[in-house]
Amino acid sequence: MFFDPGEGVTLEKVAIARYDVGRLLKGVWQVDVQPDQWLALMELIEARKPRKIGLNYSTYFGLADGLAHTEYLRLWRSCLRGGTTGWFPLSR
C-alpha cells in the first residue's frame, strides 16, 4: 500500500506482511494484534483516511499485474465485513 500524506511529507510504502519486502516496503502486519490479513488492511486504510484509493489490476496482463480477481473479491468482502463501504467499489 502506498499512502501520500501530502504537503511534502514522504510517501509511505508498506506491505500488509509480517516482514519487510526488500528495502521498498516496510512490513506492518502484526498477526498477534489482527490475525486476519485483510482486516488488518482495512484497519490501516481506516486509520489513514485516504481521499482516494487506486487499485493496480488489469484485464489482460496477469503476470506483472497487481491484484488478481480473487484478491479483488477478497478485498471487497473484507470491506463489507469490516464495515468499510464508503469508498468501495471504485469506478474505472
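Here goes a summary of the coordinates provided. Please read all numbers here as calculations on a predicted model, not as lab measurements.

### Re the pairing of strand E2 (residues 12-15)
(1) Moving on: Where strand E1 (residues 2-3) lies against E2, two bridges are found, and the strand directions are antiparallel. The residue bridging Phe-2 from the neighbouring strand is Lys-13, located in E2.
(2) Moving on: Sheet topology note: the E2/strand E3 (residues 26-27) ladder contains two bridges and is parallel. When the bridges of E3 are listed, Ala-15 appears paired with Gly-27.

### Overview of the layout of surface pockets
(1) Moving on: Taken as a whole, the largest pocket encloses approximately 1000 Å³ of empty space.
(2) Moving on: Around the largest pocket sit 32 residues that line it, and Met-1, Phe-2, Leu-41, Gly-54 and Leu-55 are the ones nearest its centre.
(3) Moving on: For the lining of the largest pocket, the element with the most residues is helix H1 (residues 37-48), which contributes five residues.
(4) Moving on: Looking at the lining of the largest pocket, its residues break down into 20 nonpolar, five polar and seven charged.

### So, the pattern of salt bridges
(1) Moving on: The tally for this structure, following the rule as stated, stands at one salt bridge.
(2) Moving on: Its salt-bridge partner being Glu-12, residue Arg-48 comes within 2.8 Å of it at the nearest N-O pair. In this pair, Arg-48 is assigned in helix H1 and Glu-12 in strand E2, connecting sequence segments 36 residues apart.

### A word on unusual backbone geometry
(1) Moving on: Notably, Glu-7 is not glycine yet its phi reads approximately 50°, a positive angle.
(2) Moving on: Inspection of the secondary structure assignment puts Glu-7 in the loop between E1 and E2.
(3) Moving on: Phi at Lys-49 takes a positive value of approximately 50°, unusual for a residue other than glycine.
(4) Moving on: Exposure remark for Lys-49: the relative accessible area of 65% places this residue in the exposed category.

Analysis parameters
- Residues numbered from 1 in each chain as written.
- Predicted model: local features only at pLDDT ≥ 70, side-chain atom pairs only at ≥ 80, totals over all residues.
- Heavy atoms only, no water.
- Pairing = 2+ DSSP bridges.
- Helix = DSSP H or I, 4+ residues; strand = E, 2+ residues; numbered from the N terminus.
- 1 Å grid on protein atoms, 1.4 Å probe; cavity = no way out; pocket = protein on both sides within 12 Å on 5 of 7 lines; lining within 4 Å.
- Points joined across faces, edges and corners; volume = space filled by probe spheres on them.
- Nonpolar A, V, L, I, M, F, W, Y, C, P; charged D, E, K, R; others polar.
- Salt bridge = Lys/Arg side-chain N within 4 Å of Asp/Glu carboxyl O.
- Buried < 20%, exposed > 50% of the residue type's maximum accessible area, 1.4 Å probe, protein only.

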